[in-house]
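The lines below spell out each chain.
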Amino acid sequence: MSPRAKFVAGNTVRLMTLLLAVSVVSFALANAAPIDPVEAYAGSENHLSQEQLDAIAAHWGFNDPPVERYLRWIGGVLTGDWGVSVIYQRPVLDVLAERSLTSLALMGTAWVFSGVLGFALGMVCGMRRDGALDRLVKGFCLTMAAAPTFWLALLALVVFSVKLGWFPMGLASSAGVLAQDVTIGDRLWHLFLPALVLSVTGIASITLQTREKAIEACESDYALFARARGESRTQFARRHVLRNIALPAITLQCASISEIFGGSILAEQVFSYPGLGNAAVEAALAGDVPLLLGVALVAALFVFFGNLLANVLYGVVDPRIRRGSEAIDG
């Protein structure tokens with residue numbers, strides 16, 4: 001088997017194992033939740049009779065044994081039927097497909113922006129240690145690292161939406177506008193503020209980590225040798241610093257996908273942004289197990305492919321890693 005085939009087969013097995021483990025744990029936690037799904041479905045102030053409540057429980061299978069419900073659900077997932085959302089009264093796959101697009105736009109924008117800007121700031125600050133910019137950026141990053149995402153979201157909403165009126169109060173598009181009539185500009189206008197909040201919270205870790213690695217590179221023996229050879233600051237940064245700090249930065253940035261997904265749940269709640277995080281909170285409060293499990297599987301896919309992307313980029317940034325793995329396989 002070729003190295004590429006081994007790579008694909010190994011990652012496929014890991015993905016299947018991860019999804020199975022996530023589905024079992026998520027189902028067990030949802031089943032142990034103290035929320036009565038029948039009451040959540042009917043409403044706490046409903047006037048339904050006990051017979052009607054029993055009919056609702058029978059229709060959705062709420063009274064079936066947990067193992068039976070899990071096996072029925074996982075069997076449907078394997079055949080492409082992820083169940084029907086209790087709160088949306090729509091197939092779970094349709095809800096996930098619709099919400100994933102908005103969440104991907106939000107998380108993707110924040111992920112790219114925080115990674116590029118964080119890497120650039122970390123490299124500049126590391127090469128100009130203890131300068132005015134370094135002290136300013138380091139203080140900002142330490143503050144942002146300690147600030148809760150929901151607090152930053154509320155602060156941004158109060159300042160930029162309420163006080164200044166530059167951005168809308170929430171949602172992914174203007175209220176009252178049909179989906180087919182929403183323009184790209186309108187979507188970007190609604191996307192900017194929540195993406196900015198997520199980017200700011202994600203910049204801190206990548207900037208501080210990159211800064212430390214850049215300082216190590218600048219204080220190394222090969223840095224002294226490079227200066228002795230007369231290399232300029234730009235040449236030294238391109239030839240020596242960039243490659244040595246790229247791999248740790250890629251690792252941290254790809255690992256931050258799970259953190260961005262967690263932060264997006266809070267940001268989507270504050271901005272009423274109709275993404276996966278918002279759907280997960282609604283499903284949890286309403287005891288909508290099929291939708292909650294679907295969101296958990298999609299979140300696991302995000303994290304898995306983030307780590308997979310890191311492994312692929314390793315070989316692109318440093319070919320020595322790819323040649324070393326091929327030599328071991330051979």
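An account of the accompanying structure is given in this report. Everything numeric here is computed off the predicted structure, so don't read it as measured data. (Residues numbered from 1 in each chain as written. Predicted model: local features only at pLDDT ≥ 70, side-chain atom pairs only at ≥ 80, totals over all residues. Heavy atoms only, no water.)

The next subject is the overall build of the protein. Within the protein, the secondary structure is distributed over 14 helices and zero strands. Secondary structure elements of the protein occur, N-terminal to C-terminal, as α-α-α-α-α-α-α-α-α-α-α-α-α-α. Based on the C-alpha atoms only, the size of the protein along its principal axes is roughly 85 × 60 × 40 Å. A buried classification covers 41% of the 330 residues belonging to the protein. (Helix = DSSP H or I, 4+ residues; strand = E, 2+ residues; numbered from the N terminus. Buried < 20%, exposed > 50% of the residue type's maximum accessible area, 1.4 Å probe, protein only.)

Our focus in this paragraph is the packing of helix H6 (residues 132–146) against helix H8 (residues 184–218). Between H6 and H8, the shortest axis-to-axis distance is 8 Å and the interhelical angle comes to 130°. Taken together, the axes of H6 and H8 are oblique relative to one another. The two elements H6 and H8 cross, and the hand of that crossing is left-handed. Across from Asp134, Val137, Lys138, Phe140, Cys141, Leu142, Met144 and Ala145 in H6, the residues of H8 making contact are Val200, Ala204, Thr207, Leu208 and Arg211. Class assignment for the residues of the contact of H6 with H8 results in nine nonpolar, one polar and three charged. (Axes fitted to C-alpha atoms, helices over the stretch in contact; angles between N-to-C directions. Parallel < 35°, antiparallel > 145°, perpendicular 65-115°, else oblique. Left-handed = near helix turned anticlockwise from the far one by under 90°. Contact = heavy atoms within 4.5 Å. Nonpolar A, V, L, I, M, F, W, Y, C, P; charged D, E, K, R; others polar.)

Counting 55 residues, the largest nonpolar core has Leu96, Phe271 and Leu291 as the members making the most contacts within it. A per-element tally of this core places helix H13 (residues 289–317) first, with eleven residues. For Leu96, the contacting residues outside a window of four places in its chain are Trp82, Leu276, Leu291, Gly294, Val295 and Val298. (Core = buried A, V, L, I, M, F, W, Y, C linked by side-chain atoms within 4.5 Å.)

At their nearest, the axes of helix H5 (residues 92–127) and H8 sit 6 Å apart, and the two run at 30° to each other. With respect to H8, the axis of H5 lies roughly parallel. Like other packed secondary-structure pairs, H5 and H8 cross with a definite hand, here right-handed. Its residues assigned to classes, the contact of H5 with H8 shows 19 nonpolar, ten polar and one charged.

Here the largest pocket is characterised by a volume of approximately 640 Å³. Residue composition of the lining of the largest pocket, grouped by class: 18 nonpolar, six polar and four charged. (1 Å grid on protein atoms, 1.4 Å probe; cavity = no way out; pocket = protein on both sides within 12 Å on 5 of 7 lines; lining within 4 Å. Points joined across faces, edges and corners; volume = space filled by probe spheres on them.)

All told, the structure shown has one cavity of 30 Å³ or more when counted by the stated rule. Roughly 50 Å³ of internal volume is contained in the largest cavity. What lines the largest cavity is Phe167, Pro168, Met169, Gly170, Leu171, Trp189, His190, Leu193, Pro194, Phe271 and Tyr273. Counting residues per element, the lining of the largest cavity draws most heavily on H8, at four residues. In the lining of the largest cavity, the residues fall into nine nonpolar, two polar and no charged.

Describing an aromatic ring pair means giving the distance of the ring centres and the angle of the ring planes. Counting across every chain of the model gives seven aromatic pairs. Between Phe160 and Phe167, the ring centres sit 6.5 Å apart and the planes meet at 70°, which makes this aromatic pair edge-to-face. The rings of Phe160, Trp166, Phe167 and Phe192 are connected pair by pair, giving a single aromatic cluster. (Phe/Tyr/Trp six-rings, centres within 6.5 Å; stacked < 30°, edge-to-face > 60°.)

This next bit is on the pattern of salt bridges. Per the counting criterion, the structure on display carries five salt bridges. Measuring nitrogen to oxygen at the nearest pair gives 2.9 Å for the salt bridge that ties Glu212 to Arg211. The class of Glu212 is partly exposed, set by a relative accessible area of 40%. One continuous salt-bridge network, built from bridges that share partners, spans Asp64, Glu68 and Arg72. (Salt bridge = Lys/Arg side-chain N within 4 Å of Asp/Glu carboxyl O.)

In most cases, non-glycine residues show a negative phi, while peptide bonds are predominantly trans. Its identity as a non-glycine residue notwithstanding, Gln89 has a phi of 55°, on the positive side. Mapped onto the elements, Gln89 comes out in the loop between helix H4 (66–78) and H5. Residues other than glycine seldom take positive phi values, yet Ser272 does so here, at roughly 55°. Mapped onto the elements of the fold, Ser272 is located in the loop between helix H11 (257–271) and helix H12 (276–286). A relative accessible area of 40% means that Ser272 is categorised as partly exposed.

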